[in-house]
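# Structural overview for review
The primary structure of each chain is shown beneath.
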Amino acid sequence: MPGAQDELIIMAHEWFIIHTLSGQEQKVLDSISKRVDVEEVGEYIDEVFVAKEKVVDVRGGEKKVSTKKLFPGYVFIHVRLRDEDHKVISEPMNFIKDTPGAIGFVGGDQPEPTPDAEIDEIKSRIADSEDLERPKVEFEVGEIVKINHGAFEGNNGIVEEIDPEKGRLKVTVNIFGRNTPVDVEYWEVDKG
């Protein structure tokens, strides 16, 4: 009986994005995590996360590591939100709508899932930041910067090369009438 088997099909979990009030991402994540078991929606919700990465900042001449939200205002959720006919299931939809700080799903009442490949890229970036501290400041080749640390402190230079993997720049500084390449870390310069 093909009809009986069709009714046994259970849609898989898919990735969706929840839009939150500004600064409420962690509150939404915590609320979902605490309420899943209490409200018995664990069969629908598999995983929830806020995309954050470690970054390096310089305060008072010292390098500080902090976390930065990659997508402020959004929480990612792996949830079974649609049935086999791709219609929205009310339990998980209402659960998210009732979450303090959550505005709703990106896409409204008929959200489209986010491709697994995009989520994998985001998770990979988060994992990479655990090993690699990304500087908050981004530079461009040709940009003028001022060196604020080390032997060339106080000199201006032009960014020639950028190494985001190591957080380093090659800056050309004019010293004694000659252009000299200097290798510096991001935190050792300020934008010109």
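Above this text sits the structure in question.
Parameters and conventions
Residues numbered from 1 in each chain as written. Predicted model: local features only at pLDDT ≥ 70, side-chain atom pairs only at ≥ 80, totals over all residues. Heavy atoms only, no water. Patch = residues over 30% accessible without salt bridge, like charges linked within 9 Å, V, L, I, M, F, W, Y side chains within 5 Å. Areas by Shrake-Rupley, 256 points an atom, 1.4 Å probe, with all protein chains shown as cover. Salt bridge = Lys/Arg side-chain N within 4 Å of Asp/Glu carboxyl O. Lys, Arg positive; Asp, Glu negative; His and termini not counted. Charge placed at Lys NZ, Arg CZ, Asp CG, Glu CD. Helix = DSSP H or I, 4+ residues; strand = E, 2+ residues; numbered from the N terminus. Polar contact = N/O pair within 3.5 Å; in protein donor to acceptor, adjacent residues only side chain to side chain. Contact = heavy atoms within 4.5 Å. Buried < 20%, exposed > 50% of the residue type's maximum accessible area, 1.4 Å probe, protein only. Pairing = 2+ DSSP bridges.

### Section: a negative patch on the surface
On the surface, a cluster of negative charge is made up of Asp 116, Glu 118, Asp 120 and Glu 121. Structurally, Glu 118 can be placed in helix H4 (residues 116-131).

### Here we look at the side chain of His 78
Along the polypeptide, His 78 turns up in strand E5 (residues 74-79). At 3.5 Å, the side chain of His 78 and the backbone oxygen of His 13 are in polar contact. Discounting residues that sit within four places of it in the chain, His 78 has contacts with His 13, Glu 14, Trp 15, Tyr 44, Ile 45, Asp 46 and Glu 47.

### Some details on the pairing of strand E1 (residues 14-20)
The two faces of the sheet receive side chains in turn, since in a regular strand these alternate between them. With 6 of its 7 residues buried, E1 lies for the most part within the structure. Across 6 bridges, the pairing between E1 and E5 is antiparallel. Of the residues in E5, the one forming a bridge with Ile 17 is Phe 76. Direction of pairing for E1 relative to strand E6 (residues 102-105): antiparallel, over a ladder of 3 bridges. In the strand pairing of E6, Ile 18 is matched with Phe 105.

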